[in-house]
Amino acid sequence: MAHKQNGRIVIIGAGVSGLTSARMLNDKYDVTIFERASKPGGLIKCERIEGSLFHTCGGHVFNTKKQDVAKWFWQFFNQENDFVKTDRNSVVQLEQKIVPYPIENHVYMLDSELQNRFIDDCLRIATNKSVQPSDFEAFLRGRFGDTLYDLYFKPYNEKVWRCDLRNVSLAWLEGKLPMPTVQEMLFNNFNHVEEKQFVHSSFYYEKNNGSQFLADSLAKGLNIRYDSEIQDMTYCDGKWQVNGETFDKVIYCGNIKEMIKHINGLNVNAYLNDVESLPYHGTTSVFCEIEANPYSWIYLPSDKYACHRIICTGNFSQTNNAPTLAGNRITATIEFTDAISHEEILANLAKMPYHPTYITHKFNQYTYPIQTNSTRQMIQRLKQELAKSNFYMTGRFADWEYYNMDVAMAAAIELCKKINN
Ligand SMILES: Cc1cc2nc3c(=O)[nH]c(=O)nc-3n(C[C@H](O)[C@H](O)[C@H](O)COP(=O)(O)OP(=O)(O)OC[C@H]3O[C@@H](n4cnc5c(N)ncnc54)[C@H](O)[C@@H]3O)c2cc1C
């Protein structure tokens, strides 16, 4: 068979990156995936609980501005039959009122004192062209002004990052946040521009089973060994020994912190300390019933409770809500940064708007990789060294990059094109 001539590839991890890689290489190579969980998906896994759909991490929706990813992705799905296209309808829940997202375009809805302070801020921002921000707080103050910083950006981001924003490096920011100019903010306020008119204002969502459907579909027909955790990858005589089998190439899509300890036969000691000290956050996703509402995401800056957003997954597809759910209730995921006890969760829910009632929760230790100024360079060097021995890495925690699904797909597609050639 043609693919046998190109050799055997082992992929570690059946998340979005591993599945994309396998799909890219499956025609030319004999591909085996090892996955420690009992089903595919990694961070995008979902479970049915009491008939409703729980995104066990966040609430994944799909969209992309990358034409090549869109073309690649849609060959596996029937857009009309499998997905709904939904307008994003997100809001910021302030103490006194609900303001559409993004808040900087809806300052006209705030009281006149805040509006006047925002106008003063805009004048200051427009004339202050000199200083380059050196940290996240300076960036936010410089971009949006002190008024919005104090009202929303500071309290919201302190809950997400769980630290003083002056200690957050700007390295992670590029391409991750909207970067409106003063002119754009003013224009959008004068003209009451709705979120629906922005590039990322709509998304695709699976009609059934949420992002688990995406993972299951991509996994169909691939050679995946579930419940198989890889703890040793040994390089010997130009080949890789993984799980007692011999492979020509490895594509690692798990976590670089584990990877560095599991490689044998190559000397990667020089990277151990740098990799071990890479910072990150985890997420506790709390599955709840909440009051019915029209929103997609509800951002929660209030310091009365520790969670930072509600993802109204019950609004993404009606099949996400058990038929037995009362008509005035939907299901949703409430997100907390890092680990939080069951008691603390219940205490927080009791103080929150939309009257959430607890169903279950899951903590994922690794959800947000945090880059420092040297992270990209260090990982690039390691990748170049390993590639000489046919060992490749791609994925959110292999690359230590804040990838969305489409960017994780793009990275895997690019890597596999090189391998295929
Ligand atoms: C809270 C949150 C919300 C998000 N929302 C969105 C969204 O709405 N839209 C969007 O596009 N993106 C979203 N993302 C990003 C998205 O989750 C990621 O881009 C994507 O899931 C990354 O996939 P991955 O395959 O790189 O990594 P992972 O999903 O982490 O997959 C790694 C896989 O490898 C397996 N594995 C690891 N080590 C081993 C081992 N030693 N042996 C065997 N198996 C192993 C794991 O079990 C896992 O299945 C969100 C992320 C978070 C954290």
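Predicted model only: the values in this text are computed from it and were never measured.

As for the domain arrangement of the protein
Move 1: What the domain assignment lists for the protein is domain 1 (2-43 + 209-278 + 371-420), domain 2 (103-191) and domain 3 (280-369).
Move 2: The partner domain 2 presents four residues to the five residues of domain 1 that form the contact.
Move 3: Of the residues assigned to the side of domain 1 that touches domain 2, the class counts are one nonpolar, four polar and no charged.

Some points on the packing of helix H2 (residues 16-25) against helix H14 (residues 405-420)
Relative placement of two packed helices is described by the angle separating their axes and the distance separating the axes.
Move 1: Running from N to C, H2 and H14 cross one another at 35°; their axes reach a closest spacing of 8 Å. The handedness of the crossing between H2 and H14 comes out as right-handed. Contact with H2, carried on its side by Val 16, Ser 17, Thr 20, Ser 21, Met 24 and Leu 25, involves Met 405, Ala 408, Met 409, Ala 412, Ile 413, Cys 416, Ile 419 and Asn 420 of H14 and no other residues of that element.
Move 2: Within the contact of H2 with H14, the residues separate by chemical class into ten nonpolar, four polar and no charged.

What to know about the sheet that holds strand E11 (residues 239-242)
Move 1: Spatially, the four strands line up as an open sheet ordered E12-E11-E10-E14, and their pairing is mixed. Unpaired on one side and paired on the other, strand E12 (245-247) and strand E14 (263-264) mark the two borders of the sheet.
Move 2: Bridge count between E11 and E12: three bridges; the pairing is antiparallel. Directly across from Gln 241, in E12, lies its bridge partner Thr 246.

Description of unusual backbone geometry
Move 1: Of note, the bond from Tyr 101 into Pro 102 is cis; its omega dihedral lies within 30 degrees of zero at 0°.
Move 2: Mapped onto the secondary structure, Pro 102 falls in the loop between strand E7 (98-100) and helix H5 (112-127).
Move 3: Despite not being glycine, Glu 50 shows a phi value in the positive range, around 50°.
Move 4: Mapped onto the fold, Glu 50 is located in the loop between strand E3 (46-49) and strand E4 (52-55).
Move 5: Its 13 C-beta neighbours within 10 Å are what place Glu 50 among the partly exposed residues.

A look at the environment of Val 407
Move 1: Locating Val 407 in the fold gives a position in helix H14.
Move 2: Among the residues examined, Val 407 registers 19 C-beta atoms within 10 Å and is labelled partly exposed.
Move 3: In this structure, the C-alpha to C-alpha distance between Val 407 and Ile 49, residues 358 residues apart in sequence, is 30 Å.

Topic: the nonpolar core
Move 1: Ranked by internal contacts, the top residues of the largest apolar core, which has 61 residues, are Ile 9, Val 10, Ile 11, Val 250 and Tyr 252.
Move 2: At seven residues, the largest contribution of residues to this core is made by H14.
Move 3: Setting aside chain neighbours within four positions, we find Tyr 252 in contact with Ile 12, Met 259, Met 393 and Ala 398.
Move 4: Counting 39 residues, the second-largest nonpolar core is a separate cluster that includes Cys 46, Tyr 101, Leu 151 and Ile 334.

Each value, and the rule that gives it
- Residues numbered from 1 in each chain as written.
- Predicted model: local features only at pLDDT ≥ 70, side-chain atom pairs only at ≥ 80, totals over all residues.
- Domains from an automatic or database assignment.
- Contact = placed C-beta atoms within 7 Å.
- Nonpolar A, V, L, I, M, F, W, Y, C, P; charged D, E, K, R; others polar.
- Axes fitted to C-alpha atoms, helices over the stretch in contact; angles between N-to-C directions.
- Helix = DSSP H or I, 4+ residues; strand = E, 2+ residues; numbered from the N terminus.
- Left-handed = near helix turned anticlockwise from the far one by under 90°.
- Pairing = 2+ DSSP bridges.
- Buried ≥ 20, exposed ≤ 12 C-beta atoms within 10 Å, placed from the backbone.
- Core = buried A, V, L, I, M, F, W, Y, C linked by C-beta atoms within 7 Å.

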